[in-house]
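Secondary and tertiary structure notes
Spelled out, the chains give:
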Amino acid sequence: MTPQAKIEILQHLIQIPSVNDHEAQVADYIASLFDPYPQAKIEKVTYAPGRDNLVVTIGNAGPQLGLCGHMDVVAAGDEGAWQHAPFAGEIVGDQLFGRGASDMKSGLAAIVITLLEFLEQGTQLPGSIRLLATVGEETGEYGAAQLTAAGYADDLAGLIIAEPSGLDNVVYKARGVIDYKVVSTGKAIHSAQPEKGINAIDNLMKFYNAVGPVMAKYTQTDPVLGGLLHNVDLISGGEQVNSIPAHAELMANMRTIPAYPNQLIYDDLEALIAQLNQEPGVQLDLSYSYPEEAIPGDPQAPLVQLAKQVSDQVCGHDTQIVGSGGANDGAEFLQAKADFTSIEIGPGSNTSHQVDEYVSIKEYLQAITLYETLAPAFLKLAQRPATI
């Protein structure tokens, strides 16, 4: 495949506005690229109408390597603030612009092209490669959760997630995430008679003031990731200024570390809610949104070390082995039956989720070479069970 053809695939992906939805259009386009190759097994796994995960498997008997990328992107926001239209895939010099150019349609395109070139060239792989293109990563990794529950990661020997780490970083461990909501239900009444109502905001603030000290007891820090993070980021309540509010809610975001499994946090939050609900008039309800466990990782794992070696070789730099403050689909796939290492390495820039998001074309093309070198090398290594 020519460099221009590889660039056009990425441009086409960016031109599909899969903003927190509509991933089926991306899945259909990618699947169409594999239609000329009957030896590729193509499977669509529907999450919801218009939202299809895509699984493509190629290769032979032996160990299996997963290559993962998500198909959704975040909203472009005020498109008037962009100098380059967010869904055009415009090229200026070495930079290709658009929503998802960095996070992470460049990585997705690179792993898709990796499989396509193996098929085009008739490469005899020492095992198989499974493309896992997921929905909903930006809002909760629920596509990865669905594929994991369906067994699509049960035979993996390793997993490479093409998130935009930059090719000079191999991410081997990552924070987990807990997003939670607390809803306070009270009783509305005219503000001139507050004693006859129940102020939902007052009761919500009881939780707000109490949860900080509860979370402060988690003092351990990870040498790579740092400490546990807890932030209340959204609060709303009430209807008008002269009415006692009957409803209030808050949402908080936590970034966990491997030392503290999520269940410990759940137990503390639920105990606090139960304690406050013993008070007269307090009715608080707690819910979670797609929590993810932290990924502990092992910097000496064969896939980690091999990825560094290949990146050093292909890109001519000293690749760093690092942790990530953000969660990724690997947190879900690692819940599969198989015992394997998950890493992140992929093309991108520090413009993810920003206006005029872009990727370096040079880095994007290097990423394809990296994956095409790394995948067969890992499969060959994984054929020796004693080393994995």
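Our subject is the structure listed above.
Anyway, here's the lowdown on the structure attached to this text. None of the values given here were measured: they were computed from a predicted structure.

**Quick look at the layout of surface pockets**
By volume, the largest pocket is sized at about 540 Å³. Elements with a contribution of two residues or more to the lining of the largest pocket: strand E9 (176-185), strand E15 (247-256) and strand E16 (284-292). No other element matches the 3 residues that E16 contributes to the lining of the largest pocket. Its residues placed into classes, the lining of the largest pocket shows 4 nonpolar, 13 polar and 9 charged. Together, 16 residues line the second largest pocket, and Ala301, Asp339, Phe340, Thr341 and Ser342 are the ones closest to its centre. Looking at the lining of the second largest pocket, the elements that each hand over two or more residues are helix H7 (302-315) and strand E18 (341-344).

**Some words on empty space enclosed by the protein**
Tallied over the entire structure, the rule returns 1 cavity of 30 Å³ or more. What the largest cavity holds in volume is close to 40 Å³. Taken together, Val171, Tyr172, Lys173, Ala174, Ile295, Asn328, Ser342, Ile343 and Glu344 make up the full set of residues lining the largest cavity. Per-element tally for the lining of the largest cavity: the top contributor is strand E8 (residues 169-174), with 4 residues. When the residues that make up the lining of the largest cavity are grouped by side-chain class, the tally is 5 nonpolar, 2 polar and 2 charged.

**Notes on the packing of aromatic side chains**
All told, the structure shown has 6 aromatic pairs when counted by the stated rule. Taken together, a centroid distance of 4.7 Å and an interplanar angle of 25° make the contact between Tyr47 and Tyr142 stacked. Placement of Tyr47 in strand E1 (residues 41-48) and of Tyr142 in helix H4 (residues 142-149) is noted, with a sequence separation of 95 residues between them. Overall, Tyr47 belongs to the partly exposed group, its relative accessible area being 31%. Between the aromatic rings of Tyr266 and Tyr288, the centroid separation amounts to 4.7 Å while the plane-to-plane angle is 50°, which identifies the pairing as tilted. Highlighted residues: Tyr266 in helix H6 (residues 262-276) and Tyr288 in strand E16, separated in sequence by 22 residues. Residue Tyr266 is classed as buried on the basis of its relative accessible area of 13%.

**What to know about the sheet that holds strand E19 (residues 358-360)**
Strands sit in the order E4-E5-E19 across an open sheet of 3 strands; the sheet is antiparallel. The open sheet is flanked by strand E4 (91-92) and E19, the only strands paired with a single partner. Both strand E5 (residues 95-97) and E19 contribute to a ladder of 3 bridges, which runs antiparallel. Paired with Leu96 across the strands is Val359, a residue of E19. Taken strand by strand, helix H1 (residues 3-14) contacts E4, E5 and E19, and its axis lies near 25° from that of E5.

**Regarding the environment of Ser18**
Tracing the chain through its elements places Ser18 in the loop between H1 and helix H2 (23-34). Judged by relative accessible area, Ser18 falls into the buried class, the value being 0%. The spacing of Ser18 and Tyr364 is 346 residues in sequence and 20 Å in space, taken between C-alpha atoms. Those residues in contact with Ser18 that lie beyond four places of it in its chain are Glu23, Val26, Met71, Asp72, Val73 and Lys105. There is a polar contact of 2.9 Å between the side chain of Ser18 and the side chain of Lys105.

**Description of helix H5 (residues 200-216)**
Compared with an ideal rise of 1.5 Å per residue, which puts 17 residues at 24 Å, H5 spans 25 Å between its outermost C-alpha atoms and is within 8% of the ideal. Along H5, the helix axis deviates most sharply at Ala210, where the bend reaches about 25°; the proline Pro213 sits within four residues downstream. Along its buried surface, H5 packs onto E9, strand E13 (229-237), E15, H6 and E16. Backbone nitrogen of Ile201 and a side-chain oxygen of the N-cap are separated by 2.9 Å at the start of H5; the cap is Asn199.

Quick notes on the rules
For every chain, the first residue of the written sequence is number 1, and numbering continues from 1 onward in sequence order. In keeping with the model being predicted, local features are shown solely for residues with a pLDDT of at least 70 and side-chain atom pairs are shown and tallied solely at 80 or more, while totals for entire chains, interfaces and linings include all residues. The basis for every side-chain value is the complete set of non-hydrogen atoms in the structure, without hydrogens or water. Site definitions follow a grid-based scheme: protein atoms alone, a 1 Å grid, a 1.4 Å probe that fits but cannot get out for cavities, and for pockets an open set with protein on both sides within 12 Å along at least five of seven lines, plus lining residues having an atom within 4 Å of a point. Grid points are joined across faces, edges and corners, and a volume is the space filled by probe spheres set on the points. By definition, any uninterrupted DSSP run of H or I lasting at least four residues is a helix, any uninterrupted run of E lasting at least two residues is a strand, and each is numbered from the N terminus. By the convention adopted, Pro, Cys, Tyr, Trp, Phe, Met, Ile, Leu, Val and Ala count as nonpolar, Lys, Arg, Asp and Glu as charged, and the other residues, Gly among them, as polar. Whether two aromatic rings pair depends on their centres lying within 6.5 Å, for rings of Phe, Tyr and Trp, where Trp uses its six-membered ring; planes under 30 degrees apart make the pair stacked, over 60 edge-to-face, and the rest tilted. Only protein chains enter the calculation, and the probe is 1.4 Å; a residue is then buried if its accessible area is under 20% of its type maximum, exposed if over 50%, and partly exposed in between. In short, DSSP must find at least two bridges between two strands for them to pair. Pairs of residues are marked as contacts when any of their non-hydrogen atoms sit within 4.5 Å. Orientation is described by axes fitted as lines to C-alpha atoms, over the contacting stretch for helices, and by angles from 0 to 180 degrees between their N-to-C directions. Polar contact criterion, stated in full: a pair of N or O atoms within 3.5 Å, where within protein one must be able to donate a hydrogen and the other to accept it, and residues adjacent in sequence count only if both atoms are side-chain atoms. Multiplying 1.5 Å by the helix residue count minus one yields the expected span of that helix. To obtain the bend at a residue, axes are fitted to the seven residues ending there and to the seven starting there, and the angle between these axes is taken.

By themselves, these figures tell us nothing about what the structure is for.
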